[in-house]
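Spelled out, the chains give:
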Amino acid sequence: MAGASEGWTNIPRDQFDFEMRPETDQSFENALETARSGQRLTVDDGIELLTTGTDHPGIDRERKEAVLEAADRRRAEVVGEEVTFVANLNNNVTTACNTGCLFCNFKDRSEQFLTENGDHPGFTKTPEESREIVEAALDTGIYEVTSVSGLHPAFVLDEQHRELLESSDRGDLNYRPPERYDVNPGTYCEQIEAMSVDDVHVHSITPEEAYHARRGTDWSYEEVYERLVSAGLDSVPGTAAEILVDEVRDVICPGKIRTDEWVEAMEAATAVGLPVTATIMYGHVENEAHRVKHLEVIRDLQDRTGAITEFVPLSFIHANTPLFERDMIDGGATTDEDELMIAVSRLFLDNIDHIQSSWVKYGDEQGLKMLSCGADDFMGTILSEEITKRAGGDFGQQRSFEEYVEMITAIGRIPVERSTDYEKRRRIDPDDPPFGPELGPRADGSPLVE
């Protein structure tokens, strides 16, 4: 029986009166046996495994190791010994955003971007600038460009959307014309088209951005994503998920879409043929029951769509965020919790093959450890990562293929370059340098990062 409501040691959760609590009538031993047998886990099973079923504060280390071992064995059964990574670039278009999420230090209040307000710490890129950035990166061999941005009030889906918003008399649509700002971000379709160079894979437009791209209209999410596909969109990042339980969202991101709308947008993306990823951002105000409920939402979505290519646990980076600055939390997840999150994701999500370890969040040493806790993907080369850096992340912003090969080989696994959707894969011989990408539209095997 999980006395798991005491499971965390550095999150002052008593101040949040959540209805959902990590308490079950299940036992840890039964949950572990279910996991080892390969049967589908219940939410109660997941809670027992995440908390190690203790009736006292903290994680039981011996039980934790048993969970990690079960997850690593499942990883080997599902995907073998390969560790994958993608040659990619992050090109976030703007930091302007008024959503007010308390976990975020990436955005800047969009009022600062108004022409009359002068200097500000943020940035906005024009479509032309985005194209130049992608063009330059393509010559280094990237396969994918990822773009996740703030909800700039001048951002619209396309010119038809702009016309509708400018003719509307509603004042609650978070819209201002682009001429009010120091830089015009263009439209979502223009940005996607600008980044879609030489068949590079464009991974962009989260459910939250899709919501922003249909505000003030009666368009469905399917229509929004169809227009974006026509502009060059290839897949959708399942971020903006945070914790898919509304009582948690009410605390950390009350201005964001609700759980059901996030799911609706993701289903729409898959309905028009787009592969998607899925994420969880954990280690803030939520408890273990919320985390497992989130996993259930993702598993159910995958049961219906089959389109989720990977699941990405993201450990909350707290240092420069409003949650921390307002004393709503006093830290992020512990290392034990990070390892259990990876492991239980592998065991609970029996319909998703790939679990990612984020070296940007965990660092190299712990990121590699996650590859023995159930993860099999080691993220991408990134080349730029503003979001974690602004939140106080300490780890690097780029990764060479040589580093990947060295680290993955050192733990006895097989380095594999992959495409975004995992359909293209290339095993890399660690005895045959130099190491560089070959899958991207301009890749020729030259080293990506010198």
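Everything here concerns the structure above.
Source: prediction; values computed, not measured.

Enquirer: Explanation requested: the overall build of the protein in the structure shown.
Expert: Of regular secondary structure, the protein possesses 16 helices and nine strands. Whereas a compact globule of 450 residues would reach a radius of gyration of roughly 22 Å, the protein reaches 21 Å, a difference of no more than 12%. Dimensions of the protein along its principal axes, counting C-alpha atoms only, are 60 × 55 × 40 Å. Looking at the protein residue by residue over its 450 residues, the buried ones come to 62%. Once local pairs closer than 6 in sequence are excluded, the contacts in the protein between residues at least 24 apart make up 74%. For the protein, the distance from the average site of its 42 positive side-chain charges to the average site of its 91 negative ones is 1 Å.

Enquirer: How do you make sense of the sheet that holds strand 8 (residues 414-418) when you look at a structure like this?
Expert: Hydrogen bonding along the main chain pairs the strands of a sheet, whether they run parallel or antiparallel. Read across the open sheet, the four strands follow the order 7-1-8-9; overall the sheet is mixed. The sheet is open, and its two borders are formed by strand 7 (377-380) and strand 9 (425-427), each paired with just one other strand. On average, adjacent strands in this sheet sit at an angle of 25° to one another, irrespective of strand direction. The pairing of strand 8 with strand 9 spans three bridges and is antiparallel. Bridging across to strand 9, arginine 418 finds its partner in arginine 425.

Enquirer: I'm lost on unusual backbone geometry in this one. Help?
Expert: Leave glycine aside and you will find that most residues have negative phi; peptide bonds, for their part, are mostly trans. Cis peptide bonds are those with omega within 30 degrees of zero, and the linkage from proline 433 to proline 434 qualifies with 0°. Relative to the helices and strands, proline 434 is located in the segment after strand 9. The phi angle at alanine 240 is positive, at roughly 65°, despite the residue not being glycine. If you trace the backbone, alanine 240 turns up in the loop between helix 8 (221-231) and helix 9 (246-252).

Enquirer: Please explain the pairing of strand 6 (residues 308-315) as it appears in this structure.
Expert: Among the eight residues of strand 6, eight are classified as buried, and the element is accordingly described as predominantly covered. In terms of strand pairing, strand 5 (residues 276-282) meets strand 6 through six bridges, oriented parallel. Bridge pairing in strand 6 places valine 276 opposite isoleucine 308. In this region the chain leaves strand 5, passes through helix 11 (residues 288-305) and returns to the parallel neighbour strand 6; the handedness of that crossover is right-handed.

Thresholds, definitions, all that
- Residues numbered from 1 in each chain as written.
- Predicted model: local features only at pLDDT ≥ 70, side-chain atom pairs only at ≥ 80, totals over all residues.
- Heavy atoms only, no water.
- Helix = DSSP H or I, 4+ residues; strand = E, 2+ residues; numbered from the N terminus.
- Rg over C-alpha atoms; globule rule 2.2 N^0.38 Å.
- Buried < 20%, exposed > 50% of the residue type's maximum accessible area, 1.4 Å probe, protein only.
- Contact = heavy atoms within 4.5 Å.
- Lys, Arg positive; Asp, Glu negative; His and termini not counted.
- Charge placed at Lys NZ, Arg CZ, Asp CG, Glu CD.
- Pairing = 2+ DSSP bridges.
- Axes fitted to C-alpha atoms, helices over the stretch in contact; angles between N-to-C directions.
- Right-handed = clockwise from strand over helix to strand, strands pointing away.

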